[in-house]
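# Chain and residue survey
If you want the building blocks of each chain, they are given just below.
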Amino acid sequence: MKSINVYSLEGALVGKAELPDELVGAAVRTSVIHDVVRAEEAAKRQGTHSTKTRGDVSGGGKKPWKQKGTGRARHGSTRSPIWRHGGVVFGPHPRDYEMKINKKTKKLALAGALSARFSEERMIGLEPKGLSAPKTASIAKFLKAFEGVAKPLFVHTPAEEALAKSVRNIRNAKHSNVENISTRSIMLSDFVIFTQGAITAMAGEQK
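Figured I'd write up the structure that's included with this text.

Parameters and conventions
Residues numbered from 1 in each chain as written. Predicted model: local features only at pLDDT ≥ 70, side-chain atom pairs only at ≥ 80, totals over all residues. Heavy atoms only, no water. Helix = DSSP H or I, 4+ residues; strand = E, 2+ residues; numbered from the N terminus. Expected span 1.5 Å × (residues − 1). Buried < 20%, exposed > 50% of the residue type's maximum accessible area, 1.4 Å probe, protein only. Polar contact = N/O pair within 3.5 Å; in protein donor to acceptor, adjacent residues only side chain to side chain. Pairing = 2+ DSSP bridges. Right-handed = clockwise from strand over helix to strand, strands pointing away. Axes fitted to C-alpha atoms, helices over the stretch in contact; angles between N-to-C directions.

Once that is clear, we can look at helix H3 (residues 103-119). The terminal C-alpha atoms of H3, which comprises 17 residues, lie 24 Å apart, in line with the 24 Å expected from a rise of 1.5 Å per residue. Within the span of H3, buried status applies to Ala109, Leu110, Ala111, Gly112, Ala113, Leu114, Ser115, Ala116 and Arg117. The distance from a side-chain oxygen at the start of H3 to the backbone nitrogen of lysine 104 is 3.3 Å, and the residue carrying that oxygen is asparagine 102.

In structure tokens, the structure reads:
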């Protein structure tokens, strides 16, 4: 078992918390992490973009002028893509961007991302005692104790709503429910901060 330091809201070291080797001691496979992050990014796309082809635009019911004798180029319809207000060639249409990734691959990527942050010593624990109501100042004060942290990710349990609301108003700080933490969110952060409850939940999932 590997361990991380746990700090209070005042930035004082209050102890250590153990995390299983399967979670923070896994191999960092960049290709797997890349595939999973791509899939997570793709899942965020709505895919509702659409353009009109020459069969969808209005007008063009008749030939604009006769074929020969006008001195102008030959045209059969004003719906042609080369005309103003004509149809669009190879334009985007509604589609599903979902990429199939199996559960084992997702789990491997998540463990790899967490292991990378752990090996870089960019992972700590937080004991949010006393934070019964949202208070941005408390989280801002906590972050000041760790210089160089630009984009922290707070991982919490669903019950720790006060912490989630406290983080929302801090620039570049993100929060994630431990039940739906993503590889993408970890890779976009430069520091991962687990609450004591989230540590317990993550360790329990590996048993």
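Anyway, onward from the coordinates.
So, about the pairing of strand S4 (residues 152-156). Most of S4 sits inside the fold, with five of its five residues counted as buried. With four bridges connecting them, S4 and strand S5 (residues 174-177) associate as parallel partners. The residue of S5 that forms the bridge with phenylalanine 154 is histidine 175. Tracing the backbone out of S4, into helix H5 (residues 161-167) and back to the parallel element S5 gives a crossover that is right-handed.

Let us now look at the sheet that holds strand S2 (residues 13-19). Reading across the sheet, the six strands line up as S2-S1-S3-S6-S4-S5 and stay open at both edges, with mixed pairing between neighbours. Because the sheet does not close on itself, it has two edges, and the strands there are S2 and S5. Along the sheet, successive strands turn relative to each other by an average axial angle of 30°, direction set aside. Examined bridge by bridge, strand S3 (residues 123-127) and strand S6 (residues 191-195) share four bridges and lie parallel to one another. The residue of S6 that forms the bridge with methionine 123 is valine 192.

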